[in-house]
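# Coordinate inspection notes
Chain by chain, the residues:
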Amino acid sequence: VSTQSTGTKVSYATVAKCMTACEKATTCKGCSYVSAKKKYYQATTKVFYLGEGDDKAYTKGGKAVVSNGHIWETKTSGTKFTGDYLDATTHTTLDAALLACSKKTGCTGVTKTATKKFRTGKKSTVEEKTGMQAYLKGSGVVTYKLYTWTIINGMLLASQQKTKYTTYKKAMIACVKATKCKGVNKMADKKYYTANSAHLTASSGKLCYLKGEDYTPYFTYDSTVWYYNEGYKTTGDIGFGTTSFTTRNAAMYKCARNPICNSVHYTSKKYHLRSGKTVTDKESDNAWIYGKSTVDWTKVYLPVSGGMWNPRPGYSLKKVIGKTTYTTLPAASKACVANTKCLGVLYTNKTKKYSIHTSGTPVKTAGYIAYPRKFPCDGKCKAVAKAKVVTIDLKYCYKVSRIELSNKAKCCSKNTGKVVIKVGKKTCATITMSGKTSAL
């Protein structure tokens, strides 16, 4: 195995720490692992020379993304792939372009030519082009068990172990649990074995998965970042409302609008809301951990214990009622509904307790989650008359089960006729009203 010439005497215990330091140093060209010392060092050149034992070299390149089974190196801004594009298709997202490129053997990468415009390339070199951005297709890669596994065709890792596995995922699970494991070998009989050495030897018709660095795939859905953990589960009950769904997106939508929810867990063909973020091994299960979100909490409402609540993370409420605290939101909200003076519930992160309050006005304060109480019409559910049409915006109303129409004219002799009730464009009922009457 080759290594770069080291340029600094400062050592690092892990490759991640060395790479972090190298990223900040303009003179650093990469990191070298010296197996005799079991340490990593920054390198000042990209010149390789023959090392010893398990020496390794990591050359510093551009930024990269992992997507659709490949590592994609981000070239300098203002670059495109040389010459003509691979085909005439223009993709509207980077993900779509990377997916298309990953399926074509002749594709070398993707160029962002303009806003929401991506083209696939067929050359292995790039050229300068203002306003464009090239993504170079690199090694095949699998992301599993929170690691990247680089696929190397026609090569096997040395020190192969005896236990055989029927799938690469089962072999990777075993590899992650073994501290000495460097990767997984796939043999011609489609059986998989773990290997304890990073030394590579040529072997036609076979391949290996070289264990890489920690990596958690992530994506954005519904204004929220989600971290995908394949083969893991999370725990922790939400404690109220609907918490299991038949689709992932429906579960993520609800989780992103519930401050108690920190993850979505797929098991037994259902997607469940979970309060926990810690993942544990569970083959065939999957977990998505809640990350940063730009969901507008002022427009979120939670029905709990017969009341409606507007969760506000990072806000508190004043005027606490008594000294009683509660361990769950349903218990606290039930007590609030039963108290005519209560206008909100407050959760304290430090104590993990809920309290009830006479103030329903949230005040920005770190370390708390305010739940001001909302009422059926919240003061905004008002009728607006225009000519003979009276309109009510129902988005401000909660659990509307009936509408009462009242004819309040003092002189009723001429005040008769039919009233048509519509929700949107759909007619729900036509009521004949005569005189000073009411109708449901």
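Here's a quick rundown of the structure. Small disclaimer: the values here were computed from a predicted structure and weren't measured. (Residues numbered from 1 in each chain as written. Predicted model: local features only at pLDDT ≥ 70, side-chain atom pairs only at ≥ 80, totals over all residues. Heavy atoms only, no water.)

## Description of the overall build of the protein chain
- A tally of helices and strands in the protein chain yields five helices and 34 strands.
- Going through the 440 residues of the protein chain one by one, you find that 37% of them count as buried.
- Here the contacts in the protein chain between residues at least 6 apart in sequence split such that 64% fall between residues at least 24 apart.
- As displayed, the protein chain offers around 25,800 Å² of accessible surface, 53% of which is attributable to carbon and sulfur atoms. (Helix = DSSP H or I, 4+ residues; strand = E, 2+ residues; numbered from the N terminus. Buried < 20%, exposed > 50% of the residue type's maximum accessible area, 1.4 Å probe, protein only. Contact = heavy atoms within 4.5 Å. Areas by Shrake-Rupley, 256 points an atom, 1.4 Å probe, with all protein chains shown as cover.)

## Re the nonpolar core
- With 33 residues, the main nonpolar core has Trp 226, Val 264, Leu 273, Leu 329, Val 345, Tyr 354 and Tyr 371 as its most contacted residues.
- Elements with a minimum of two residues in this core: α4 (248–255), β21 (270–274), β22 (280–293), β23 (302–304), α5 (329–338), β26 (344–348), β27 (353–357) and β28 (363–374).
- Per element, the largest residue contribution to this core is four residues, and it comes from α5.
- Beyond its immediate sequence surroundings of up to four residues, Tyr 354 is in contact with Ile 260, Thr 324, Thr 325, Tyr 326, Thr 327, Thr 328, Leu 329, Ala 332, Val 345, Leu 346, Tyr 347 and Tyr 371. (Core = buried A, V, L, I, M, F, W, Y, C linked by side-chain atoms within 4.5 Å.)

## Section: the sheet that holds strand β18 (residues 224–233)
- One open sheet holds the six strands; their spatial order is β17-β18-β22-β20-β21-β19, and the pairing between them is antiparallel. This sheet does not close on itself; its edge strands, each paired only once, are β17 (218–221) and β19 (244–245).
- Contacts between α4 and the sheet are confined to β17, β18, β19, β20 (263–267), β21 and β22, with β21 contributing the most and set at about 15° to the helix. (Pairing = 2+ DSSP bridges. Axes fitted to C-alpha atoms, helices over the stretch in contact; angles between N-to-C directions.)

## Digging into the state of the cysteines
- Scanning the entire structure with this criterion turns up six disulfides.
- One disulfide in the model links Cys 175 with Cys 181; its S-S distance is 2.0 Å. Handedness here is read from the sign of the S-S torsion; for Cys 175 and Cys 181, about -105°, the answer is left-handed. Here Cys 175 and Cys 181 have matching classes, each one buried.
- Here Cys 255 is linked by a disulfide to Cys 261, with a sulfur-sulfur distance of 2.1 Å. Across the disulfide from Cys 255 to Cys 261, rotation about the S-S bond amounts to roughly -100°, and the bridge is consequently left-handed. Judged on exposure class, the residue Cys 255 and its partner Cys 261 are both buried. (Disulfide = S-S within 2.5 Å.)

## Quick notes on the pattern of salt bridges
- Under the counting rule described, the total for this entry stands at seven salt bridges.
- Of the charged contacts in the structure, one is a salt bridge between Lys 80 and Glu 127, with a shortest N-O distance of 3.4 Å. Here the residue Lys 80 occupies a position in strand β7 (residues 79–81), and Glu 127 occupies one in strand β10 (residues 126–128), the gap between them amounting to 47 residues.
- The exposure class assigned to Glu 127 is partly exposed, which follows from its relative accessible area of 33%.
- In this structure, Arg 274 engages Asp 237 in a salt bridge whose closest nitrogen and oxygen atoms are separated by 4.0 Å. With Arg 274 in strand β21 and Asp 237 in the loop between β18 and β19, the pair connects residues that are 37 residues apart, well separated along the chain.
- For Arg 274, a relative accessible area of 15% puts it in the buried group.
- Overall, the relative accessible area of 66% leaves Asp 237 in the exposed class. (Salt bridge = Lys/Arg side-chain N within 4 Å of Asp/Glu carboxyl O.)

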